[in-house]
Amino acid sequence: MISLRARICLLILVSLPASAFAWGPIGHMAVGYVAYQRLTPATKARVRDLLKLNPDYSGWEKQIPAGTSPSDHDMMIFMIATIWADDIKGEPQYSDDGSDGGNTPDGASSSQNTGYTDLLRHRYWHFVDTPFSSDHTPLPSLPAPNAQTQIVAFRAVLASSQPDELKSYDLVWLLHLVGDIHQPLHAATRVTQSDVKGDAGGNKVKLQGDAASNLHSYWDDLPGSECKFCSDRMPCVHRAIVFGKSLRPVEQVAGRNTNTATWARESFEYARTEVYEAPVGPADGPYTIVPWSNYESQAYRLAQKRIALAGARLARVLKEELK
């Protein structure tokens, strides 16, 4: 039987192999789509000018189909820009820094903010894995910098008198990290006696059957998956637009909340109370998530809610900081 996620992907044009990145490109671009609809004309123009300073801008523009209206052109560029921070993970001119395969900050370069001359991938900026334990294992410290600290730092630069070249770099990171921090497994790591440093946001929890290879990838791919080797982003852009249009409007109070710590805390609580629930057990698996199960249905609805909130909040941040 085809799973809920697979059926949704088929409904959104075409199903593709899984991606290993946060929310997957479709999820991140859906955040961008939702945010872009809420921007004022002045903010859209300011964002457009800053994105033109990105070194990959000409490559993004070449992917936009001929005849696309100017407004849709700028929206699609905005959506593609949301995944730049993941794209550099595969570009050879960039290198990993830090320890633990680049996932733990280590040294002064971890917090540097120098713009596009910085050719480090800063993988540890993508998450804020607050530890928790259900078997009373002592909790490790929370490394910094992380997604939460960097969102705060990048927002401050956008609102400052810093040069536009730096603001462009911070903008593309911000477009990505606001999506990341709303993914529950980018805000939590489960600590057990067998994983005293944590399960890396569910990456160590293995799955089998009609699901991604691990719990983290499963949640990343809930909005849809793509072939990570595809150079043409337009199929995923169109799928992200369809997904974004399907989302319910967020509650106004929640959508106006721009407190980054609150975003991280929400994701942490969802991870603790909903992600690590049956059929996910206390060990590292493997576990089977049954197609059309309550777990899968609830997971998809939560992913929809978090992506819609991320888009609404991203738009508000940009309108506040890019005045």
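No experiment lies behind these values; they were computed from the predicted model shown. Residue numbers here run from 1 along each chain, matching the order of that chain's written sequence. Only residues with pLDDT of at least 70 are given local features in this predicted model, and only at 80 or more are side-chain atom pairs given and counted; all residues enter the totals for whole chains, interfaces and linings. Excluding hydrogens and water, the side-chain values take into account all heavy atoms of the structure.

## Regarding unusual backbone geometry
Among all residues except glycine, the phi angle is most often negative; among peptide bonds, the trans geometry is most common. Pro 145 follows Ala 144 through a cis peptide bond whose omega is 5°. Tracing the backbone through its elements, the reader meets Pro 145 in the loop between β1 (130-132) and α7 (147-158). Backbone geometry at Asp 100 places phi at a positive 55°, although glycine is not the residue there. Put simply, DSSP marks the helices as runs of H or I at least four residues long and the strands as runs of E at least two long, and each gets a number from the N terminus on. Examined against the element boundaries, Asp 100 turns out to sit in the loop between α6 (84-87) and β1.

## Considering α7
Because the α-helix completes a turn every 3.6 residues, residues three or four places apart line up on one side. In a helix, the anticipated span is given by 1.5 Å times the number of residues less one. Look at α7: 16 Å from first C-alpha to last across 12 residues, which is about the 16 Å you get at 1.5 Å a residue. Burial status follows relative accessibility: with a 1.4 Å probe on protein chains alone, a residue under 20% of its type maximum counts as buried, one over 50% as exposed, and anything between as partly exposed. Ala 147, Gln 150, Ile 151, Phe 154, Arg 155, Val 157 and Leu 158 are the residues of α7 that are buried. Taken end-on, α7 shows its buried residues confined to a sector of 160°, consistent with a single buried face. Among the structural elements, α8 (164-181), α12 (260-275) and α13 (294-321) are those in contact with the buried residues of α7. In the analysis that follows, any N or O atom pair within 3.5 Å is treated as a polar contact, provided that within protein one partner can donate a hydrogen and the other can accept it, and provided that, for residues neighboring in sequence, both atoms belong to side chains. The N-capping residue of α7, defined by a side-chain oxygen 3.0 Å from the backbone nitrogen of Gln 148, is Asn 146. Relevant arc is that of directions from the helix axis to the C-beta atoms, nothing else. Throughout, a contact is declared for two residues whenever any of their heavy atoms are within 4.5 Å.

## Re empty space enclosed by the protein
Of the grid points, spaced at 1 Å and generated over the protein atoms alone, those admitting a 1.4 Å probe that cannot get out make up cavities, while open sets with protein on both sides within 12 Å along at least five of seven lines make up pockets; any residue with an atom within 4 Å of a point is treated as lining. Grid points are joined across faces, edges and corners, and a volume is the space filled by probe spheres set on the points. Per the counting criterion, the structure on display carries 1 cavity of 30 Å³ or more. Its boundaries defined by the atoms lining it, the largest cavity holds a volume of some 50 Å³. Those elements giving two or more residues to the lining of the largest cavity turn out to be α3 (41-51) and α5 (70-81). Of the residues in the lining of the largest cavity, the class split is 6 nonpolar, 1 polar and 3 charged. Any residue outside Ala, Val, Leu, Ile, Met, Phe, Trp, Tyr, Cys, Pro, Asp, Glu, Lys and Arg is labelled polar, Gly included; the first ten of those are nonpolar and the last four are charged.

## Brief notes about the side chain of Glu 296
Structurally, Glu 296 can be placed in helix α13. For Glu 296, a relative accessible area of 0% translates into the label buried.

## Details of the nonpolar core
What is meant by a nonpolar core is a set of buried Ala, Val, Leu, Ile, Met, Phe, Trp, Tyr and Cys residues, joined one to another through side-chain atoms within 4.5 Å. Counting residues in hydrophobic clusters, the biggest one holds 89 residues, and the most contacted among them are Leu 51, Phe 78, Trp 84, Leu 215, Trp 219 and Leu 318. Here this core gets 14 residues from one element, more than from any other, and that element is α13. When residues no more than four places from it in sequence are discounted, the contact partners of Leu 51 are Tyr 57, Trp 60, Ile 77, Phe 78, Ala 81, Ser 168, Leu 171, Val 172 and Leu 175.

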